[in-house]
Every structure is written in structure tokens, then in C-alpha cells.
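Residues per chain, in single letters:
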Amino acid sequence: MNTVVLKVDPANPEPDVIRRAADVIRAGGLVAFPTETVYGLGANALSTDAVSGIFTAKGRPATNPLIVHISGMVRNHPQVPQTHTVPDVSEVLNVASAWPATAARLAARFWPGPLTLVVPKRDNVPDIVTAGGQTVAVRCPNHPVARALIRAAGTPLAAPSANRSTELSPTRAEHVLKSLNGRIDLLLDGGPCSGGLESTVVDVTAEFPRVLRPGLITVPMLEEVCGRVEFGTASGGIARAPGQMVKHYSPRTPLVLADDADAEHQRLREGGFRVISLGHDLIYAYKSISGDPEEYAADLYAVLHELDSGQYDRIVIEMPPDTPEWAAVRDRLTRAAAHE
Ligand code: AMP
Ligand code: MG
């Protein structure tokens, strides 16, 4: 398969480019596109055949359910600018059989944005999307290209990250090509993703919202909206969600996490390894960014992609502090460093 790459303006996507991509989706094909978290690999969420293409291209185990992306409607409201996007509940109810009050509150606060809500699924959502479970994960992304594509395709998009299973997530178009060139129909190159980490996943089917995967929307941010928040694993008959697999988001070069990067670096060097290490401030120096968790998240995968293509036997990273705002970064680093 030849993968077509089209440049797209991330702020004002060109209608003819979006139309071409939407045609591919409607024909049952696969389109990689930028979102505010990472690049997604999209297919028509309501077609078993189209979605099975995602699993083949990624080499993804069928036990891993996918997130369904909706576009959000542009509504006119006297208090908000004309372009403000308000997710319309009717769009959610295309794929969900219920919309719990907690979901409505969280969506009102964080959509469009990097928050995925797990709700009871509607019958029209194929089993392949939900790994056979009775719940569906839904998100309204905050990226003009993603939303324009979903709207033009006229269908929700199932879209995991646009990379081979267990590998590093892509935050740049070149990362997608490195992993999936020749395996997907089309790549929309909209430049770097601003968020850089996958969405926070919250199950709202039980009494209290349950965080299944930490992300850019932090626990304190969730608590502010709904008070008590729990942590746990997926319900609704879903075995094990992808972000919950121990080894995930991994570079090919083994990654070692350390409390003291310098000491670990020294130890590995003496063992004869070619090592590159990033201390808690070194990783910032490397990219000239500050100690801000959001900036760190935005650059983390790009740094790992870059180091992974260097001639190293080991990558050492100093663990950031164990505080809520670093939870998502620590989660991804831990999985990236896991062996299986
Ligand atoms: P990704 O591969 O990055 O798109 O990640 C998908 C994430 O969505 C996983 O980490 C799961 O936690 C979550 N997920 C998708 N569908 C469901 C579902 N029905 N129930 C629970 N979690 C889900
Ligand atoms: Mg992924």
C-alpha cells in the first residue's frame, strides 16, 4: 500500500484536503491525523471492516478497545464566541446508550479536550471497537483538523495512536511515517501535537468516576468538577485496556528509570553500555524547556523518538517527582521502561 502524505494547516484546515481524507474514511480506509494529544489512526467507528484495518496496521491485540472520537458541534451562544465548540449530547448518543450526569459535567468542563469518558455503549458500535465489552470510550478532541475530518466524514472515528502496537506514540508526522509507512492510506501532516501525551481516561459508569489512565487532565482538575475520584481498571467486561498493559509506549532502546540519573549513567557506562541520560533538569536542557509538567509532556515522546534513533544501548531518565501534576508522565515512563 502506498501511504499518501498531505500537508494540512493545523489552525485552518484546507477544505479540499479534509475532503480527500474524509473520502478515504468513507471508503473504509485508514487516515492518520493530528490531535492535541498525539497523532491518531482513524477509521469509521461504525464499520467492523474499517476498524479491523486499524488492528492489522498496528499489530494491536483484539483485547484492546479503541476510543471513539466525535466532532463537537459549533453552536451559537450569546455568551461564547461563535466558533466555540460545544459537544452536542445527540452526537454522543450516536454511540452511547446513556449519558450519566458525571459525564455531562466533565464534558461541559473539559471538552473539547484530552479527556476520554467511558459510558454504556449503543448496539450500533461494533464489538471490535469495545473489545466485546458493554462500554464505549468517547472523546471530543480539541484540534481543528481532527474535528473537521470527523465532521466531513459524517461518522465518529475510532482512533488509537498512529504507531505499531507497544511502540512510542507519535507526536510528529515523521513519527507516524517511521512506524506505519505503507500500512495506512493517508497521513495528514499538521505539524507537532501540542499536548504530547494520550488523553486521561475516566470511567463514569459507576457511582464515582474512576481514572483508568492518567493524562493531561489531572486528578485535582477532575476532583474540582466531581469531588471524589477513584482509580482502577476497566469494567463492563473489558479485559485489559491498552494503556493499562504494562509494556507500552516503549522506545526500541531499553529505557532505564533512575532516582539519580548521573549515578545510573556511570554504572551502565562501567558495564560497557553506550548510554544517554536525561536528568530531571537535563531533559529540559536538552530541549531548552522549563520544569513545567505540561511542557515536559509535550516534548517527551519527541525526545524519546530522537534518542531512539541514536547509537545508544540504554536511555536513562531521572524520574520526575511523585505529585499529581507529574502522574501522567510518570505513568508513561514506567510503561516505556517495562520489559513486558
Ligand atoms: P490508545 O491506544 O492510546 O488510544 O488508548 C486507548 C485507551 O482507551 C486505553 O488506555 C483504555 O484505557 C481506554 N479504553 C478504550 N475503550 C475503553 C472501554 N470501553 N473501557 C475502558 N477503557 C477503554
Ligand atoms: Mg497507543
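Thresholds, definitions, all that
Residues numbered from 1 in each chain as written. Chains lettered and ligands numbered in written order. Predicted model: local features only at pLDDT ≥ 70, side-chain atom pairs only at ≥ 80, totals over all residues. Heavy atoms only, no water. Core = buried A, V, L, I, M, F, W, Y, C linked by side-chain atoms within 4.5 Å. Buried < 20%, exposed > 50% of the residue type's maximum accessible area, 1.4 Å probe, protein only. Helix = DSSP H or I, 4+ residues; strand = E, 2+ residues; numbered from the N terminus. pLDDT = per-residue confidence, 0-100. Contact = heavy atoms within 4.5 Å. Pairing = 2+ DSSP bridges. Axes fitted to C-alpha atoms, helices over the stretch in contact; angles between N-to-C directions. Salt bridge = Lys/Arg side-chain N within 4 Å of Asp/Glu carboxyl O. Parallel < 35°, antiparallel > 145°, perpendicular 65-115°, else oblique. Left-handed = near helix turned anticlockwise from the far one by under 90°. Nonpolar A, V, L, I, M, F, W, Y, C, P; charged D, E, K, R; others polar.

Visitor: Can you walk me through the nonpolar core in this structure?
Guide: Soluble globular proteins tend to pack their nonpolar side chains together in the buried interior. Grouped together as the largest cluster of nonpolar side chains are 46 residues, with contacts concentrated most on L41, L106, W111, L115, L117 and L222. The set of elements that each furnish at least two residues to this core consists of β3 (40-44), α2 (48-58), α4 (101-110), β7 (115-120), β8 (135-139), α7 (173-180) and α8 (219-226). With five residues, α2 is the single largest residue contributor to this core. One finds V38, L278, L300 and A336 within the second-largest nonpolar core, a separate group that totals 23 residues.

Visitor: What's the story with the confidence of the model for the chain in this structure? I'm lost.
Guide: Note: predicted coordinates in regions of low pLDDT should not be interpreted at a detailed level. Of all residues in the chain, 88% attain a pLDDT of 70 or more, and the chain-wide mean is 89. Confidence drops under a pLDDT of 50 for residues 239-243, and excluding neighbours within four residues, the segment shows 14 contacts in the predicted structure.

Visitor: Explain the sheet that holds strand β2 (residues 31-33) here, please?
Guide: Within a beta sheet, neighbouring strands are joined by backbone hydrogen bonds and run either parallel or antiparallel to one another. Ordered in space as β1-β10-β2-β3-β9-β4-β8-β7-β11-β12-β13, the 11 strands form an open sheet in which the pairing is mixed. The two strands at the open ends of the sheet, each matched to only one other strand, are β1 (4-7) and β13 (230-231). Relative to β13, strand β12 (residues 210-213) is paired through two bridges, and the arrangement is parallel. Among the inter-strand pairings, R210 is bridged to a residue of β13, identified as E230. Here helix α6 (residues 144-153) sits on the sheet in contact with β2, β4 (67-69), β9 (157-158) and β10 (186-189), set at roughly 150 degrees to β2.

Visitor: Can you walk me through the pattern of salt bridges in this structure?
Guide: Working definition: two side chains of opposite charge can pair if their charged atoms are close together. Counted under the stated rule, the structure contains 12 salt bridges. Across the pair E36 and R139 runs a salt bridge whose closest N-O atoms are separated by 2.8 Å. Taken together, the residues E36 in the loop between β2 and β3 and R139 in strand β8 connect sequence positions 103 residues apart. Across the pair, R139 and E36 agree in class, each one buried. Of the charged contacts, one joins R332 and E198 as a salt bridge, the two residues approaching to 2.7 Å between their closest N and O atoms. In this pair, R332 is assigned in helix α12 (residues 327-337) and E198 in the loop between β10 and β11 (200-203), connecting sequence segments 134 residues apart. The two residues R332 and E198 agree in class, both being buried.

Visitor: Would you mind going over the sheet that holds strand β16 (residues 314-318) with me for this structure?
Guide: If you walk across this open sheet you meet the three strands as β14-β16-β15, and the pairing is parallel. Across the chains shown, the open sheet's two edge strands, defined by having one partner strand only, are β14 (255-258) and β15 (275-278). Direction aside, neighbouring strands of the sheet carry axes that sit 20 degrees apart on average. Two strands pair when backbone bridges link them, and β15 and β16 are joined in this way by four bridges, in the parallel orientation.

Visitor: Explain α12 to me, please; I cannot follow it from the model alone.
Guide: Quick reminder: α-helices carry 3.6 residues per turn. Residues three or four places apart thus point the same way. For α12, the tally of buried residues reaches eight of 11 residues, placing the bulk of the element in the interior. Along α12, the positions that sit buried rather than exposed are A328, V329, D331, R332, L333, R335, A336 and A337. Where α12 is buried, its residues touch β12, β14, α11 (293-308) and β16.

Visitor: I would appreciate a short explanation of the packing of α11 against α12 in the present structure.
Guide: A pair of packed helices is characterised by two quantities: the angle between their axes and the separation of those axes. Contact geometry for α11 and α12: axes closest at 9 Å, N-to-C directions at 30 degrees. Looking at the two axes, α11 sits roughly parallel to α12. Along this stretch, α11 crosses α12, giving a crossing that reads as left-handed. Only V329, R332 and L333 of α12 make contact with α11, whose side of the interface consists of P293, Y296, A297, L300 and Y301. Per-class residue counts for the contact of α11 with α12 are seven nonpolar, no polar and one charged.

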